[in-house]
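# Report on the structure
Now for the letters of each chain:
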Amino acid sequence: MLDVRLLRENIEEVEGRLATRGSVLSLDKFKSLDESRRTLLRGVEGLRERRNYISSEIAIKKKKGEDVSTLIAESKALGSRIKELGESVSEKEELLNGIVLTIPNLPHASVPKGAGSGGNIEVRQWGDIREFDFPPREHYEISDMLGIVDFGRAAKLSGARFALYRGAGALLERALINLMLDIHTREHDYLEILPPFIVNRKAMTGTGQLPKFEDDLFKIEGWDHYLVPTAEVPLTNIHSNEILKEEALPILYTAYTPCFRKEAGSYGKDVKGLIRQHQFNKVELVKFAKPEDSYNEHEKLTADAEKVLQVLGLPYRVVSLCTGDLGFAAAKTYDLEVWLPGQGAYREISSCSNFEDFQARRAGIRYRPKGGGKPSFVHTLNGSGLAVGRTVVAILENFQEDDGSVSLPECLWSYMGGLKRIDKG
RNA sequence: GGAGGGUUAGCCUAAUUGGUAAGGCAGCGGUCUUGAAAACCGCCGGGUUUGCGCCCAUGGGGGUUCGAGUCCCUCACCCUCCGCCA
């Protein structure tokens, strides 16, 4: 949520900056609603002042035993007018709120301007792309040969876009989760959290999934609760409606959770394999930072996510998303794209964003400056560190041999019970 | 699922039969002091206003009333007990 005062006072500038996202958004409606709300509010406040005065007069006169019937009559009349006016004020407020909650964040000045993903800019590359002396297979061919992922039976249980991992496949997924959590807790000082996988509407609104993106979420029937689409939601909302101490910042959390997404509107995209699933595993990184530190923390968080790819030896590139490709709540985003030889393409495996105070304002996450003073909003950041299923994809494709076997990077051996290579069987 | 108790500001705690939120701690500023502590004074929820001030705010929503922290309804959460359960 943007600062309403900023909207009110710099409406043209805001419109201009939002336009770079490609969302043609007119704030005229906001402006007129805001103005009429404020006019009505002034009116209702005047009436309330009069009523408060009369009420205290009544109390005084009653003590003296004087007649108060005319005062009561006036106050009664005021009451109904106040109620009427008050209702139209809250009506305007609700409409305003509806508008403000669906306005996306403003892109940071360092974000490249562009329309779609074509406008994204490669920031750096890491690792050497392997030369194959055989045509590299796609991951689902390899997992089929190895018998470590069963899509057919998953479909029988749950339908399309679900996976059933078997044996070394299940173990690999679990090993990666543990490796990632260990890296972030031991080397990068994040505190491990195991949050609920079901959250309420407030939490979803706090991070920006609601009210705009209800269609992407799995809702629990008969309950105003949702399956988490990412650990960002429970982690960021840990401190909703809290005032943190400045000394406590930055706060760093990491969590493994499954993620549940409807993937509405992605029909025909990535229909085969593990890339796009209704349920997938992810290790998430979340930070709460002071505003002046948040862009530095953003770089560090991105580096923390990159570390996992480096440890695994997976080549990748870092892309700065352009204004037209930014997510709703983000002010700036780096995507990590891992090289997939089977596809011959870079694919997103992590997305690291700075939301500035956009989520903090929605969720009410503030901090009190050291010298006392007014609490102000923190900046929130998050990034995948990493998407586990897609990491499996990358390992299968990058480390495959001609016979379908896959040699595992050394950092995984201990997590795999000593297994160094996945063979058929 | 059932019964009872609770939710007041960053934290802790008050408020006759309904009369318009009192204190304390922490924090910040100041006086005093060689420095510090103590003591004392001021500030210390939000909105609006140049300012005085005004309005709002006792978990959320609604109702009764001239007037609600207080009475009623409802929802959420927490605690205790019963039932069920890994």
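Conventions and cut-offs
Residues numbered from 1 in each chain as written. Chains lettered and ligands numbered in written order. Predicted model: local features only at pLDDT ≥ 70, side-chain atom pairs only at ≥ 80, totals over all residues. Helix = DSSP H or I, 4+ residues; strand = E, 2+ residues; numbered from the N terminus. Buried ≥ 20, exposed ≤ 12 C-beta atoms within 10 Å, placed from the backbone. Contact = placed C-beta atoms within 7 Å. Pairing = 2+ DSSP bridges. Axes fitted to C-alpha atoms, helices over the stretch in contact; angles between N-to-C directions. Domains from an automatic or database assignment. Parallel < 35°, antiparallel > 145°, perpendicular 65-115°, else oblique. Left-handed = near helix turned anticlockwise from the far one by under 90°. Nonpolar A, V, L, I, M, F, W, Y, C, P; charged D, E, K, R; others polar. Core = buried A, V, L, I, M, F, W, Y, C linked by C-beta atoms within 7 Å.

### Description of the overall build of chain A
Of regular secondary structure, chain A possesses 13 helices and 15 strands. Taking all 425 residues of chain A together, 36% fall into the buried category. In chain A, of all internal contacts separated by at least 6 residues, the share reaching a separation of at least 24 is 73%.

### Points about the sheet that holds strand β7 (residues 279-289)
With mixed pairing, the eight strands of this open sheet are ordered in space as β1-β8-β9-β10-β13-β7-β6-β2. Here the strands that pair on one side only, and so sit at the sheet edges, are β1 (121-126) and β2 (191-193). The mean inter-strand angle of the sheet, taken between neighbouring strand axes irrespective of direction, is 25°. As defined by bridge partners, strand β10 (residues 345-354) adjoins strand β13 (residues 379-387) across three bridges and the pair is classed as antiparallel. Following the sheet pairing, Asn354 is matched in β13 by Leu381. Across the sheet, helix α7 (residues 168-187) touches β2, β6 (251-260), β7 and β13, and the angle it forms with β7 is around 5°.

### Some details on the domain arrangement of chain A
How large an interface is tends to be reported as the accessible area lost when its parts come together. The assigned domain composition of chain A is domain 1 (28-100) and domain 2 (117-422). Using only C-alpha atoms to locate each centre, domain 1 and domain 2 end up separated by 50 Å.

### Brief notes about the environment of Lys262
Within the element layout of this structure, Lys262 appears in the loop between β6 and β7. By C-beta crowding, Lys262 is classed as partly exposed, having 17 other C-beta atoms within 10 Å. Put simply, Lys262 and Ala19 are 243 residues apart on the chain and 28 Å apart in space, counted from C-alpha to C-alpha. Not counting the four nearest positions on each side in its chain, Lys262 is found in contact with Asp215, Asp216, Leu217, Phe218 and His278.

### A short note on the packing of helix α3 (residues 28-64) against helix α4 (residues 69-100)
Axis separation between α3 and α4 bottoms out at 8 Å; the angle between their running directions is 155°. By the angle between their axes, α3 is roughly antiparallel relative to α4. Considering only the axes of α3 and α4, their crossing is left-handed. Residue composition of the contact of α3 with α4, by class: 17 nonpolar, seven polar and 11 charged.

### Some remarks on the environment of Ile54
By the element assignment, Ile54 lies in helix α3. On the basis of neighbour counts, which here come to 18 C-beta atoms within 10 Å, the residue Ile54 falls in the partly exposed class. Look past the residues within four positions of Ile54 in its chain and what remains in contact with it is Leu71, Glu74 and Ser75.

### Focus: the pairing of β10
Note that strand β9 (residues 332-340) and β10 share nine bridges and pair antiparallel. Each residue of the ladder has a partner; that of Val338, found in β10, is Arg347. Linking two consecutive strands that pair antiparallel, namely β9 and β10, is a turn of four residues; a positive phi of about 65° is found at Gly344 within it.

### Details of the nonpolar core
In this structure, Leu336, Val338, Leu386 and Val392 are the most contacted members of the largest nonpolar core, which totals 85 residues. When residues in this core are grouped by element, the largest group, seven residues, is from α7. Beyond its immediate sequence surroundings of up to four residues, Val338 is in contact with Leu309, Leu314, Tyr316, Tyr346, Arg347, Ile349 and Ala394.

### Some points on the sheet that holds strand β11 (residues 365-368)
With respect to topology, three strands assemble into an open sheet ordered β5-β11-β12, the strand pairing being mixed. What marks the edges here is a single partner per strand, and that holds for β5 (242-245) and β12 (376-377).

### Details of unusual backbone geometry
The peptide bond linking Leu210 to Pro211 adopts the cis configuration, its omega dihedral lying at 5°. Tracing the sequence through the fold places Pro211 in the loop between α8 (201-207) and β4 (225-227). A cis amide bond links Gly385 with the next residue in sequence, Leu386, at an omega value of 10°. Structurally, the position occupied by Leu386 is in strand β13.

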